[in-house]
Amino acid sequence: MNEEWQKDLYARKWLQKLGERTRENWIGDFPVFLKWCGKTPTELIEMKVKALKADDPTERAVVEDLVIQFKNYLEGLKKYKASVIKTYLNRVQSFFSHN
């Protein structure tokens, strides 16, 4: 995936909050999630905001469900150790928690 995603407002907001070394490490991992879900960082945050406003509890859990689906996808590839999967999920959760 190209570096275009790093220009996204929400990606910049997130990356600015990370230390330089952390940012360098995480920049390579986060695009795996973006490619898998087919969304931009802005689209993800719009989805999160919409979910938070929903009255239906199942709609409010849409972000959590997406993260679980991503975890299941990574596990299904059978090429990552549990620690690597946890690393990917930490990146994704960090993005959502900082936006």
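Shown above is the structure to which this text applies.
Note that the coordinates shown come from a computational prediction; the quantities given were computed from them, not determined experimentally. (Residues numbered from 1 in each chain as written. Predicted model: local features only at pLDDT ≥ 70, side-chain atom pairs only at ≥ 80, totals over all residues. Heavy atoms only, no water.)

Asks: For this particular structure, what's the right way to read the nonpolar core?
Replies: Soluble globular proteins tend to pack their nonpolar side chains together in the buried interior. Judged by nonpolar contacts, the single largest core of 24 residues is most densely connected at W14, F30, F33, L44 and F96. Among the elements of the structure, α1 (9-16), α3 (30-37), α4 (41-53), α6 (62-77) and α7 (82-97) are those that each provide at least two residues to this core. The element that contributes the greatest number of residues to this core is α7, accounting for six residues. Those residues in contact with F30 that sit more than four places away from it in its chain are W5, W14, P41, R91, V92 and F95. (Core = buried A, V, L, I, M, F, W, Y, C linked by side-chain atoms within 4.5 Å. Buried < 20%, exposed > 50% of the residue type's maximum accessible area, 1.4 Å probe, protein only. Helix = DSSP H or I, 4+ residues; strand = E, 2+ residues; numbered from the N terminus. Contact = heavy atoms within 4.5 Å.)

Asks: Help me understand the packing of aromatic side chains in this model?
Replies: Think of a pair of aromatic rings as described by two things: how far the centres are apart, and how the planes are tilted against each other in angle. Summed over all chains, the structure comprises 15 aromatic pairs. Between W14 and W26, the ring centres sit 6.1 Å apart and the planes meet at 40 degrees, which makes this aromatic pair tilted. Remark: W26 occurs in helix α2 (residues 20-27) and W14 occurs in helix α1; sequence separation between them is 12 residues. W26 gets classed as buried once you look at its relative accessible area, which sits at 16%. Ring geometry for F30 versus F33: centroids 6.0 Å apart, planes at 40 degrees, classification tilted. Remark: F33 and F30 occur in helix α3; sequence separation between them is three residues, near one turn of the helix. This pair shows no difference in class: F30 is buried, exactly as F33 is. Members of the aromatic cluster, each reached through a chain of ring pairs, are W5, W14, W26, F30, F33, W36, F70, Y73, Y80, Y88, F95 and F96. (Phe/Tyr/Trp six-rings, centres within 6.5 Å; stacked < 30°, edge-to-face > 60°.)

Asks: Just to check I follow, could you spell out the packing of α3 against α7 for this structure?
Replies: The angle between the axes and the distance between the axes are what describe a pair of packed helices. At a minimum axis separation of 9 Å, α3 and α7 run at an interaxial angle of 80 degrees. When the axis of α3 is compared with that of α7, the two are roughly perpendicular. Residue-level inspection shows F30, V32 and F33 of α3 in contact with α7, the latter providing Y88, R91, V92, F95 and F96. Its residues assigned to classes, the contact of α3 with α7 shows seven nonpolar, no polar and one charged. (Axes fitted to C-alpha atoms, helices over the stretch in contact; angles between N-to-C directions. Parallel < 35°, antiparallel > 145°, perpendicular 65-115°, else oblique. Nonpolar A, V, L, I, M, F, W, Y, C, P; charged D, E, K, R; others polar.)

Asks: Can you help me understand the packing of α6 against α7 in this one?
Replies: One can describe the packing of α6 onto α7 by two numbers: an axis separation of 10 Å at closest approach and a directional angle of 160 degrees. Taken together, α6 and α7 sit at an angle that is classed as roughly antiparallel. Both α6 and α7 take part in a crossing whose hand is right-handed. Along its contact with α6, which presents V63, V67, F70, K71, L74 and E75, the element α7 presents I85, Y88, L89, V92, Q93 and F96. Looking at side-chain class alone, the contact of α6 with α7 contains nine nonpolar, one polar and two charged residues. (Left-handed = near helix turned anticlockwise from the far one by under 90°.)

Distances and angles like these do not, on their own, reveal function.
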